[in-house]
Amino acid sequence: MPPSPRMLQVFDAHAKAGDEFCIFLKGYSIAMNVLVIGSGGREHALCWKIAESPLVSKLFCAPGNGGIASIAECVALAPLDFDAIVGFCREKRIDFVMVGPEDPLVAGLVDRLDAEGIKSFGPSAAAAQLEGSKGYTKDLCAEFNIPTAAYGRFADAAAAKAFIAKKGAPIVVKADGLAAGKGVIIAMNMNEALAAIDEIFSGRFGKAGAEVVVEEFLEGEEASFFALCDGTTAMPLATAQDHKRVFDHDLGPNTGGMGAYSPAAVLTPALVDRVMREIINPTMAAMKSRGTPFKGVLFAGLMLTKSGPQLIEYNARFGDPETQVLMTRLASDIMPALIAAHDGTLDKQTLYWKDDAALTVVMAANGYPGTYEKDTEIGGLAAAGALDGVQVFHAGTRLDGARMLAVGGRVLNITATGASVAAAQAKAYEAVAEIDWPEGFCRSDIGWRAVAREKQSI
Ligand code: AMP
Ligand code: GLY
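Residues numbered from 1 in each chain as written. Chains lettered and ligands numbered in written order. Predicted model: local features only at pLDDT ≥ 70, side-chain atom pairs only at ≥ 80, totals over all residues. Heavy atoms only, no water.

### Regarding the overall build of the chain
In terms of helices and strands, the chain carries 15 helices and 24 strands. By the compact-globule yardstick of 23 Å for 458 residues, the chain fits well, its C-alpha radius of gyration being 22 Å. Taken along the three principal axes of its C-alpha coordinates, the chain extends 65 × 50 × 50 Å. Each of the 458 residues in the chain was classed as buried or not, and the buried ones make up 55%. Contacts spanning at least 24 positions in sequence make up 68% of the contacts within the chain whose residues lie at least 6 apart. When the accessible surface of the chain is totalled, it reaches about 18500 Å², and 53% of it is carbon and sulfur. Here the chain holds 42 positive side-chain charges and 54 negative ones, and the gap between their average locations is 3 Å. (Helix = DSSP H or I, 4+ residues; strand = E, 2+ residues; numbered from the N terminus. Rg over C-alpha atoms; globule rule 2.2 N^0.38 Å. Buried < 20%, exposed > 50% of the residue type's maximum accessible area, 1.4 Å probe, protein only. Contact = heavy atoms within 4.5 Å. Areas by Shrake-Rupley, 256 points an atom, 1.4 Å probe, with all protein chains shown as cover. Lys, Arg positive; Asp, Glu negative; His and termini not counted. Charge placed at Lys NZ, Arg CZ, Asp CG, Glu CD.)

Given below as structure tokens:
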């Protein structure tokens, strides 16, 4: 039976008669129990969007945070405790699991859920190697001609140092495995590069530092590129950029991201096509040909160089805080797309995006990305969230009775929409001003590149 106009309306407010996207829902309950794994701002934004879906009747998040608790039932399960997660899925009859962070993906949560017959969103452990091993990705790029910085891969310090001596500085030294964003050293001179090799091989990064990748320093502007993938088809999402450095003017150490915005005008439609053609689609084909098709979201960190886009790294998950701006701009129901990524039916999907821009400002605990105080109280959340077009997504927070406490490095994502990035920026900072949290800080210039571009184009 073809979907009726009413059904289409329920599934997607933007759907047109003739769209075929009800068919893949075969086998899924229309009152789904969904479990989201993770506890960051990314997971709050995903929960917020998933909770809106008419397909979802009950939403759980493990372990969640103080903000997620207002839209989902938070359950105290550790993302790496696969037995407990499977047990919970059985007990609560979970229809679909959305895995947020990289650790459980690289450790094989999706494989385990597959084996148990529980549907989920995310890559297998083999496919998550695209994030789990930088050397794996570099070798794949070399084999399939995907543009990336020239590199060497080493398991011992002497060989790595000899390579550096030959190449000279600036040069980039990376621990091979997952190092929570701390395993990359941009060495501006030889001494820094040689010290970075010693540091990585010192054992500080555990198994992640058993190998190093040494690569050419790339110059250009960075952008975050996301594609939903079902093993065969890849669909680009809206464009975004984040700010990695902790202080204004993009100064100070790298962090997980201090803010983000969408759209990123620097990623023109022509550039998006080129990234799909030269980077994403060849990667999808390569993973399929190796027998490890990639499903989930492929997140390419790009350097837009003079000679074209180059891959800096892959992540096998949604970006944080990029997801916060993508979810606020996504007009379509996200559930059919997540399900299609699992089922291999993305070719029948279309996602619609709002014209409005979105921008998020990360509020972090004083001292982040170094050491910081915990359990400080946050005020003003209701006033900030009450502003028109503002969503406050929580990252490191927990509820203590009626008090909201900061318990992490990145704590809040104050997110706003507007007719332009400049308007979204003004609104987000208006909301930041409502937050009463002396132990926290944020950058005051999130979005500066996009705002400058908007001014130029007037
Ligand atoms: P990664 O964890 O590989 O994304 O690296 C973290 C950050 O280091 C990136 O977002 C870039 O800002 C920077 N970076 C990494 N590789 C390079 C490179 N080859 N050239 C210049 N900057 C780089
Ligand atoms: N914002 C970059 C990341 O999620 O890794």
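### A short note on the site of ligand 2
Near ligand 2, the surroundings consist of Asp242, Gly256, Phe299, Asn315, Arg317, Gly319, Asp320, Pro321 and Glu322. In the environment of ligand 2, a nitrogen atom lies 2.8 Å from a nitrogen or oxygen atom belonging to the side chain of Asp242. Take Arg317: an N or O atom from its side chain is 2.9 Å from an oxygen atom of ligand 2. Relative to its unbound accessible area of 200 Å², ligand 2 is 89% covered by the protein chains. Partitioned by chemical class, the residues of the shell around ligand 2 number two nonpolar, three polar and four charged. (Near = heavy atom within 4 Å. Polar contact = N/O pair within 3.5 Å; in protein donor to acceptor, adjacent residues only side chain to side chain. Nonpolar A, V, L, I, M, F, W, Y, C, P; charged D, E, K, R; others polar.)

### Let's talk about unusual backbone geometry
Residue Pro263 is reached from Ser262 by a cis peptide bond, and omega for that bond is 0°. Note on placement: Pro263 falls in the loop between β15 (259-262) and α10 (269-289). That bond from Tyr368 to Pro369 is cis: its omega, 10°, falls within 30 degrees of zero. Along the chain, the position of Pro369 falls in the loop between β18 (357-365) and β19 (376-378). Positive phi outside glycine occurs at Arg93, with the angle close to 50°. Within the secondary structure, Arg93 sits in the loop between α3 (82-92) and β4 (96-99). A residue is classified by how much of its surface remains accessible, and Arg93, at 67% relative accessible area, is exposed. If you check the backbone angles, Asp375 has positive phi at about 65° while not being a glycine. Looking at the secondary structure, you find Asp375 in the loop between β18 and β19. Classification of Asp375 by relative accessible area gives partly exposed; the value is 41%.

### Some points on the pairing of β18
With nine of nine residues buried, β18 lies mostly within the body of the structure. Two elements, β15 and β18, share four bridges in a ladder whose sense is antiparallel. In the sheet register, Gly259 faces β18, and the bridge partner there is Val361. The sheet contact formed by β18 and strand β23 (residues 410-418) spans eight bridges and is antiparallel. (Pairing = 2+ DSSP bridges.)

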